[in-house]
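Report on the structure
If you want the building blocks of each chain, they are given just below.
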Amino acid sequence: MSFTIDFTVFHEVLSTNPNIIITTHHNPDGDAIGSSLALYHVLKGAGYQVSVIIPNRFPDFLNWMSESEKMLIFEDDKNSNVKQLIEAADLIFCLDYNALNRIDKMEEPVRFAKGFKVLIDHHPNPKENEFQLIFSTTSASSTAELVYRFAEQIGLKHLINKDAAECLYTGIITDTGSFSYACNAATTYQIMVELIEKGIDAENLHRLIYDNFSESRLRLLGHALSRNMLLIPEYHTAIIALSKQDLTDFKYKTGDSEGIVNYPLTIKEINMAILLTERENLIRISFRSKGKFAVNQIASKYFEGGGHLNAAGANSYLSMEETINKIKTILAEFNDQLDYVITK
Ligand code: MN
């Protein structure tokens, strides 16, 4: 790891037999859930009192993970029991997000909680004043990878059991698109070797994660690609728009649009793909790029979103049509940056 961190205060907190909570971002993905549950297994193995609290529900394709059913869902917390748990926590892990505004309605309780906050994350520009310990680098493939390294740093690596290893595998495999991006560092593969040595069945896990579609989910993908994909060749960009009606027609469930945004990038000349999904009062935007184009700059500059160089997200409060028009206007500005050719 290319940065040094002072763990002194962290170890002091850990030595007081703290109540620990692990939190992750809104609309949690494979890395969010995988890294959170892996850390949960490690800390539980060390004998700590620990709970995972997530802002809203997680996609069904992750429900095979050991003890995933014990995760507490803040959005469903009718009696404020979860809120009280946040207030009472001595140690709060913040996984796979770089700022407290990424945890939706949990933001306020976590912000004002007394617990010592530890950030473990791989997004750029963490809000440094929101956490007491920051274990963050954009050079990591995933937060799962950083949880592995964190466990190593604090001397608990030996507690990564098979359950934890399966969760870490999931985080790494989903955040690298099965080793197709963010996967040029040897460390990631070295960690994978160790996870295999813990006895995980990588082939079977990959099937659990990826060969788990409902019929309607696959048909939604087909519909998105054949009917709703707009190519703008002069800007090397593809836009897919999914309306509320599309989602209803294809019996949309959380997570069903996951991955759709990546498909247009398989077209040779397309360097950026944008998925627009119509939600209750907003349009959710996902950006992906291949090569050097930084989609997080568009997400943050024009839509107050953010993310990674090749994967970012944001919200638009305009209509679908207005959002598409705004994107077209923005593309003209980045034209010379999108006009590249992937070569060896
Ligand atoms: Mn991640």
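Presented here is an overview of the structure given in this document.

About the criteria used
Residues numbered from 1 in each chain as written. Predicted model: local features only at pLDDT ≥ 70, side-chain atom pairs only at ≥ 80, totals over all residues. Heavy atoms only, no water. Helix = DSSP H or I, 4+ residues; strand = E, 2+ residues; numbered from the N terminus. Expected span 1.5 Å × (residues − 1). Contact = heavy atoms within 4.5 Å. Pairing = 2+ DSSP bridges. Axes fitted to C-alpha atoms, helices over the stretch in contact; angles between N-to-C directions. Donors = N, O, S within 2.8 Å, 3.2 Å for Na, K, Ca; no water. Buried < 20%, exposed > 50% of the residue type's maximum accessible area, 1.4 Å probe, protein only. Core = buried A, V, L, I, M, F, W, Y, C linked by side-chain atoms within 4.5 Å. Phe/Tyr/Trp six-rings, centres within 6.5 Å; stacked < 30°, edge-to-face > 60°. Lys NZ or Arg CZ within 6 Å of the ring centre and 35° of its normal.

Here we come to helix α9 (residues 215-226). Relative to the 16 Å expected for twelve residues at 1.5 Å per residue, α9 spans 17 Å between its end C-alpha atoms, a close match to the ideal helical length. Contacts made by the buried residues of α9 are with β7 (229-232), β8 (237-242) and α10 (244-249).

Before going further, it helps to examine the sheet that holds strand β9 (residues 272-278). Ordered in space as β7-β8-β9-β10-β12-β11, the six strands form an open sheet in which the pairing is mixed. Looking at the sheet topology across the chains shown, the edges are occupied by β7 and β11 (306-307). Examined bridge by bridge, β9 and strand β10 (residues 283-289) share seven bridges and lie antiparallel to one another. Bridging across to β10, M272 finds its partner in S289. In the packing of α9 onto the sheet, contacts are made with β7 and β8, and the angle to β8 comes to roughly 130°.

Once that is clear, we can look at the coordination of the manganese ion. Coordination of the manganese ion by the protein is provided by D31 (OD), D96 (OD), H122 (NE2) and D175 (OD), with metal-donor distances spanning 2.1 to 2.3 Å. For the manganese ion, the donor residues sit on a single chain with the sequence spacing D-x64-D-x25-H-x52-D. Of this pair, D31 sits in helix α2 (residues 30-45) while D175 sits in helix α6 (residues 162-175), placing them 144 residues apart in sequence. Neither residue differs from the other here; D31 and D175 are each classed as buried.

The next subject is the nonpolar core. F10, F93, I120 and F150 are the most contacted members of the largest nonpolar core, which totals 55 residues. F10 has contacts with L91, F93, F116, V118, L133, F150 and I154, leaving out every residue within four places of it along the chain. Formed by 25 residues, the second largest nonpolar core is a distinct cluster that contains I285, V295, A312 and F334.

Quick look at the sheet that holds strand β4 (residues 91-95) now. Taken in spatial order, the six strands line up as β3-β2-β1-β4-β5-β6 in an open sheet, and their pairing is parallel. The open sheet has two edge strands with one neighbour each: β3 (72-73) and β6 (133-136). By the bridge criterion, five bridges tie β4 to strand β5 (residues 116-121) in an arrangement that is parallel. By the bridge assignment for β5, C94 is matched with L119. Strands in contact with helix α5 (residues 143-153) are β4, β5 and β6; relative to β5, the strand with the most contacts, it is inclined by about 125°.

Let us look at the packing of aromatic side chains. One pass over the structure, following the stated rule, counts eleven aromatic pairs. Seen from their ring centres, F293 and F334 are 5.6 Å apart, and the 75° between their planes marks the pair as edge-to-face. In this pair, F293 is assigned in the loop between β10 and α11 (295-303) and F334 in helix α12 (residues 320-338), connecting sequence segments 41 residues apart. Its relative accessible area of 3% is what places F334 among the buried residues. Grouped by ring-pair contacts, the aromatic residues F7, F10, F93, F135 and F150 constitute a single cluster. Note that R217 overlies the ring of F213, its terminal NZ or CZ placed 3.7 Å from the centroid. Positioned over the ring face of F303 is K326, at 4.3 Å from the centre of the ring.

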